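Residue-level structural notes
Letter by letter, the chains look like this.
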Amino acid sequence: MSSDAREMMLRRAALELNDGDTVNLGIGLPTKVLAHVGPSITVCVHSENGVAGMGRLAENSAADRNLIDAGGNYITTLAGASYFDSAVSFAIIRRGNLDLTMLGAFEVASNGDLANWIIPGKFTPGTGGAMELAQKARRVIVLTTHVDKAGKPKLVEQCTLPLTAQRCVHRIITDLAVVDVSSGGFELVELFAGVSVEEVKAKTGAPLVIPHPPAIFN
Amino acid sequence: MSSDAREMMLRRAALELNDGDTVNLGIGLPTKVLAHVGPSITVCVHSENGVAGMGRLAENSAADRNLIDAGGNYITTLAGASYFDSAVSFAIIRRGNLDLTMLGAFEVASNGDLANWIIPGKFTPGTGGAMELAQKARRVIVLTTHVDKAGKPKLVEQCTLPLTAQRCVHRIITDLAVVDVSSGGFELVELFAGVSVEEVKAKTGAPLVIPHPPAIFN
Amino acid sequence: MRNKLTEIEEAIAGIRDGMSIMIGGFGMPGTPFTLLDELVRQAPKNLTIIKNDANEIGMGIDLLLKAGLVEKLIASHIGLNARAVEQMNAGRLKVEFNSQGILAERIRAAGAGLLGIVTDIGVGTMLQNGKTAIDMDGVTALIEPALKADYALIHAVQADTFGNLKFAATARNFSPLMAMAAGTTVVEAEEIVALGKLAPDEIHTPGPFVQKVVGLRVISEAYDVVRRA
Amino acid sequence: MRNKLTEIEEAIAGIRDGMSIMIGGFGMPGTPFTLLDELVRQAPKNLTIIKNDANEIGMGIDLLLKAGLVEKLIASHIGLNARAVEQMNAGRLKVEFNSQGILAERIRAAGAGLLGIVTDIGVGTMLQNGKTAIDMDGVTALIEPALKADYALIHAVQADTFGNLKFAATARNFSPLMAMAAGTTVVEAEEIVALGKLAPDEIHTPGPFVQKVVGLRVISEAYDVVRRA
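We now turn to the structure provided with this report.

A short note on the overall build of chain C
- In terms of helices and strands, chain C carries six helices and 11 strands.
- Expected size for 229 residues packed as a compact globule is a radius of gyration near 17 Å; at 18 Å, chain C falls within 12% of this value.
- Looking at chain C as a whole, 62% of its 229 residues are labelled buried.
- Nonlocal contacts in chain C, meaning residues at least 24 apart in sequence, comprise 73% of its contacts between residues at least 6 apart.
- Summing over all exposed atoms, chain C offers an accessible surface of approximately 7900 Å²; the carbon and sulfur share of this is 49%.
- When the 22 positive and 26 negative side-chain charges of chain C are each reduced to one mean point, those points stand 3 Å apart.

Set out below in structure tokens:
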């Protein structure tokens, strides 16, 4: 993925955050969305290691050794932040108090199944909190390249990898397009400028419904 | 029960507290044991409404409107006290972190069964925390008159009232004697001064084992 | 951070006939007397009330019982309220007794998005009746389902505008658990402070659990130390 | 109130071969580096370690892995420690993965004297394998047994002599839960204060859960901010 495409994905993803939302942004790309949110939007960012009200990353020189996010980055907090233990942290998640989570993916199926935690025999970091985030956040948005490094589609008819959670994904923001998971399968919602419907279709491993002409995101 | 007998019961019960113990003293007589504990003994008194480290009752004029025990009495705290919610409070109980609890009783059976929460159709206050205290404290001591107001034994072969917990009572301190629950049933351990073995036998509704001559408590 | 300050009328207005309401407090401390007054004024009916105890005559949820608004009470102990016992014995009030700590854990389980807990408390007693028993490594255990509610009414000593809460001494009791377990959690606070005034390490209930915050204009006599004879 | 101050050698000496040990911390914050150093020195073997993550190479429980003291690791995520992944793939380390919040709740359940929890997390995934599934009002749910341990090793920012604890910021994480769930909870504290110095409302772990308190004489470099490239 080019840094331009990456930038575009993050800018597009930032539009999903509504003022006042409580959100959890997964390790990797999702964490970086926050830097692209407009000044009129304040969200309560939750991190599963025990904080609600995260601010920007901390400068190394100003880092507090006891204050990190779930990815291990030193962070700052906003006024109104709270700290809590891991049981309370996941209570917030499982109770359905997250308006939104953004996660990465190995595969997303057209029924919303998500696989993002294990490639058997190859990469087994463990589930972390992804299962609970995926299963219980009110809205689950996946940020991912449209295809993997080998060019294989990541949006598929059925996941081949072990699932993180069933029927949980609402929207996928890729480096090419915005795709929703609807009752009829994948639905093309927006195209990134310069990308054609044909390219998205060719790179999607399942039928793509296009109920309306997709909007173009610049 | 005469006030002398009551005083004797409380003095005897106070001897069960060891320095450093964490204890819960039930509503009624048990709460009053603390006033009879010697100055060399400091215990951490837990109350199920959310405090560990209770001190004496508060004078009305010095009462804190937010600080009561489970019986509704305004209390004081010792240095080292902590406040916590009801889930944590009962975690302390069920986890087995109470060295001792003292409870009242309607009936105690010779196998240690305790009935102290409901007289069907007559008195139904509810269980409160008694089931958990009785089932999970490391040591359960019952404080009760030896017979009820009608002269009926409260130490019985089998409880007729609904149980609070099965096989939970270790020792019973009455207005006449100290009786242990052993594998062989009730065992007379101590007699209060002026009480005869015959009187205790006559007022106990189950066989009474007397393996050694009982000590006399003055 | 969302500003959750709400006028009391509006905070309670969503409570409809037949809803379930958790009410904080153990005895007097933590009982949200002001929210309860407003609930009595708005008078929704056939309520299911979930509270540790039934307070005493003339106080707290006794006002709901007196007004005839309560169909069912889920509690651990009601012995200090003769009206509650009388209504129960007369068949006008359904009462479900839970062991106190299990009541707390059932509420917490709902608040933690769990479906239930597994416990050996109550095995071999009346409280086992009607419950699913399973074997856990040779021990008989009961499945106690999570207990949630439409609303929770909570008293806090301090709240910020996002709904971060602090409780005082034994007024904490069931409040943090109930605040987690309700669809809508309404908090009355003795003091409303600005965002950032509460130290993040000292917050008892994090803001994401709270929907509406009501500032108390006066701390009425109901909150005072009760001087018994 | 019992005085629980203990020398570090003695606090760890009860840990025998084959025991299970919970270790606080999520990433660096809350990891009890000093207690871990002493554990490596005393070197009991075939340990079962329960910890959210495996730290990183050269830090925290990686020292136990490096010394070959760990037979089994119960965790939610070990992706940041290549040695843990390598030992697992080579069959030298058993690893049991739990979803992070379920790991927290299983530990808490043991700490609360419960036998287990009922949850729908993991239904339809690999993590359902081997677990008892039941029907809860039409929803498929799993029974997750409580997870206890012989010892818990915990880092606190402040402790009093009775073992009342305070944690700092995200160094809290699993620590209060593990402190409840172990037979013997050993705490290292940056500062030991006299009884009465901690406000009862601000204590994160009440003293009755704690058995041994070790005062840290120095806060070593291990606790410092990690400066990554």
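With respect to the overall build of chain A
- When you go through chain A residue by residue, the secondary structure sums to five helices and 14 strands.
- Its C-alpha radius of gyration of 17 Å places chain A within 12% of the 17 Å reference for a compact globule of 218 residues.
- Over its C-alpha atoms, taken along the principal directions, chain A stretches across nearly 50 × 40 × 30 Å.
- Counting every position in chain A, which comprises 218 residues, the buried fraction comes to 62%.

Describing the packing of aromatic side chains
- Tallied over the full model, the rule gives six aromatic pairs over all chains.
- A centroid spacing of 6.2 Å and a plane angle of 80 degrees characterise the contact between W117 of chain A and F97 of chain D, whose relative ring orientation is edge-to-face. Highlighted residues: W117 of chain A in the loop between β7 (114–115) and α4 (130–136) and F97 of chain D in strand β4 (residues 94–97), drawn from two different chains.
- F97 of chain D gets classed as buried once you look at its relative accessible area, which sits at 14%.
- Across the ring face of F217 of chain A, the terminal group of R12 of chain A is positioned such that the distance to the ring centre comes to 6.0 Å.
- Above the face of the F162 of chain C ring, K4 of chain C is positioned so that its terminal group lies 4.0 Å from the ring centre.

A look at the side chain of T48 of chain C
- On the secondary structure map, T48 of chain C appears in strand β2 (residues 47–50).
- With relative accessibility at 19%, the residue T48 of chain C sits in the buried group.

Digging into the interface of chain D and chain A
- With 42 residues of chain D at the interface, the matching set in chain A holds 39 residues.
- Remark: the boundary between chain D and chain A carries three salt bridges.
- Two residues, R94 of chain A and E105 of chain D, come together in a salt bridge whose shortest N-O distance is 3.4 Å.
- Put simply, chain D and chain A have 22 residue pairs in polar contact (both at pLDDT 80 or more) between them.
- Every element with two or more residues in the side of chain D that touches chain A is listed here: α5 (100–111) and α6 (175–181) of chain D.
- For the side of chain D that touches chain A, the leading source of residues is α5 of chain D, giving six residues.
- Partitioning the side of chain D that touches chain A into residue classes produces 21 nonpolar, 13 polar and eight charged.

Looking at the packing of helix α3 (residues 86–94) of chain A against α5 of chain D
- Axis separation between α3 of chain A and α5 of chain D bottoms out at 9 Å; the angle between their running directions is 125 degrees. Taken together, the axes of α3 of chain A and α5 of chain D lie oblique to each other. Regarding α3 of chain A and α5 of chain D, the two cross each other, and that crossing is left-handed. Where α3 of chain A approaches α5 of chain D, its residues S86, A87, F90 and R94 of chain A are matched on the opposing element by Q100, G101, I102, A104, E105 and R108 of chain D.
- Looking at the contact of α3 of chain A with α5 of chain D residue by residue, the classes come out as four nonpolar, three polar and three charged.

Quick notes on the pairing of strand β3 (residues 51–57) of chain B
All names here are of chain B.
- In terms of burial, β3 is a largely internal element, five of the seven residues being buried.
- In this structure, strand β2 (residues 44–47) lies alongside β3, joined through two bridges in antiparallel fashion. Following the sheet pairing, S47 is matched in β3 by V51.
- The turn joining β2 and β3, which pair antiparallel and follow one another in sequence, is formed by three residues; a positive phi near 125 degrees is taken by G50.
- Relative to strand β4 (residues 75–83), β3 is paired through four bridges, and the arrangement is antiparallel. Across the sheet, residue V51 finds its bridge partner in β4, namely Y83.

Section: the sheet that holds strand β9 (residues 155–156) of chain A
All names here are of chain A.
- The strand order β7-β6-β9 describes an open sheet built from three strands, whose pairing is mixed. The open sheet has two free edges, formed respectively by β7 and β9, since each of these has just one partner strand.
- By the bridge criterion, two bridges tie strand β6 (residues 107–109) to β9 in an arrangement that is parallel. Across the sheet, residue A109 finds its bridge partner in β9, namely V156.

Considering the sheet that holds strand β7 (residues 114–115) of chain B
All names here are of chain B.
- Ordered in space as β7-β6-β9, the three strands form an open sheet in which the pairing is mixed. The sheet terminates laterally at β7 and β9 (155–156), the two strands that pair on one side only.
- As paired elements, strand β6 (residues 107–109) and β7 share two bridges and run antiparallel to each other. Across the sheet, E107 pairs through a bridge with A115, a residue of β7.

Digging into the interface of chain C and chain B
- Contacts between the two partners involve 42 residues from chain C and, on the opposite side, 39 residues from chain B.
- Roughly 3300 Å² is buried in total at the junction of chain C and chain B, and carbon and sulfur atoms are behind 58% of that figure.
- Counting across the chain C and chain B interface gives three salt bridges.
- Here D120 of chain C ties to K136 of chain B by a salt bridge, and the two come within 2.8 Å at their closest N and O atoms.
- Applying the counting criterion to the chain C and chain B interface returns 22 residue pairs in polar contact (both at pLDDT 80 or more).
- Among the elements of the structure, α5 (100–111) and α6 (175–181) of chain C are those that each provide at least two residues to the side of chain C that touches chain B.
- Among the elements that line the side of chain C that touches chain B, the one with the most residues is α5 of chain C, at six residues.
- Taken together, the residues of the side of chain C that touches chain B sort by class into 21 nonpolar, 13 polar and eight charged.

Some thoughts on unusual backbone geometry
- At R167 of chain A, a position not held by glycine, the phi torsion is positive, near 40 degrees.
- By the secondary structure assignment, R167 of chain A is in the loop between β9 and β10 (171–173).
- A positive phi angle is found at N55 of chain D, which is not glycine, with a value near 55 degrees.
- Mapping N55 of chain D onto the fold places it in the loop between β2 (47–50) and α3 (62–66).

Topic: helix α2 (residues 33–42) of chain D
- Listed in full, the buried residues belonging to α2 of chain D are F33, L35, L36, E38 and L39 of chain D.
- Following α2 of chain D by one or two positions, A43 of chain D has its phi on the positive side, about 55 degrees.

Details of the nonpolar core
- With 213 residues, the main nonpolar core has L153 of chain C together with L153 of chain D as its most contacted residues.
- With residues up to four places along the chain from it excluded, the contact list for L153 of chain D reads I12, I15, I21, M22, I23, G24, P32, L35, L36, L39 and V186 of chain D.

Thoughts on the environment of H77 of chain C
Residue and element names in this part refer to chain C.
- By the element assignment, H77 lies in the loop between β3 (70–75) and α4 (82–89).
- Taking the C-alpha atoms as reference points, H77 and F97, separated by 20 residues in sequence, lie 7.2 Å from one another.
- Within polar-contact distance, the side chain of H77 engages the backbone nitrogen of G79 at 3.3 Å.

Considerations on the environment of R41 of chain C
All names here are of chain C.
- Within the secondary structure layout, R41 lies in helix α2 (residues 33–42).
- Judged by relative accessible area, which is 56%, R41 ranks as exposed.
- Here the alpha-carbon distance between R41 and E9, two residues 32 residues apart in the chain, equals 9.5 Å.

Points about the pattern of salt bridges
- The full count for this structure, using the stated rule, is 48 salt bridges over all chains.
- With its nearest N and O atoms 3.3 Å apart, the salt bridge here joins E71 of chain C to K94 of chain C. Of this pair, E71 of chain C sits in strand β3 while K94 of chain C sits in strand β4 (residues 94–97), and the two are 23 residues apart along the sequence.
- Residue class for E71 of chain C comes out partly exposed when judged on its relative accessible area of 34%.
- Among the ionic contacts, a cluster of salt bridges with common partners joins R12, E16, R139, R171, D180 and E190 of chain A.

Rules of the game
- Residues numbered from 1 in each chain as written.
- Chains lettered and ligands numbered in written order.
- Predicted model: local features only at pLDDT ≥ 70, side-chain atom pairs only at ≥ 80, totals over all residues.
- Heavy atoms only, no water.
- Helix = DSSP H or I, 4+ residues; strand = E, 2+ residues; numbered from the N terminus.
- Rg over C-alpha atoms; globule rule 2.2 N^0.38 Å.
- Buried < 20%, exposed > 50% of the residue type's maximum accessible area, 1.4 Å probe, protein only.
- Contact = heavy atoms within 4.5 Å.
- Areas by Shrake-Rupley, 256 points an atom, 1.4 Å probe, with all protein chains shown as cover.
- Lys, Arg positive; Asp, Glu negative; His and termini not counted.
- Charge placed at Lys NZ, Arg CZ, Asp CG, Glu CD.
- Phe/Tyr/Trp six-rings, centres within 6.5 Å; stacked < 30°, edge-to-face > 60°.
- Lys NZ or Arg CZ within 6 Å of the ring centre and 35° of its normal.
- Salt bridge = Lys/Arg side-chain N within 4 Å of Asp/Glu carboxyl O.
- Polar contact = N/O pair within 3.5 Å; in protein donor to acceptor, adjacent residues only side chain to side chain.
- Nonpolar A, V, L, I, M, F, W, Y, C, P; charged D, E, K, R; others polar.
- Axes fitted to C-alpha atoms, helices over the stretch in contact; angles between N-to-C directions.
- Parallel < 35°, antiparallel > 145°, perpendicular 65-115°, else oblique.
- Left-handed = near helix turned anticlockwise from the far one by under 90°.
- Pairing = 2+ DSSP bridges.
- Buried area = accessible area lost by both parts, 1.4 Å probe.
- Core = buried A, V, L, I, M, F, W, Y, C linked by side-chain atoms within 4.5 Å.

Fair warning: the whole summary comes from geometry, so function is off the table for now.
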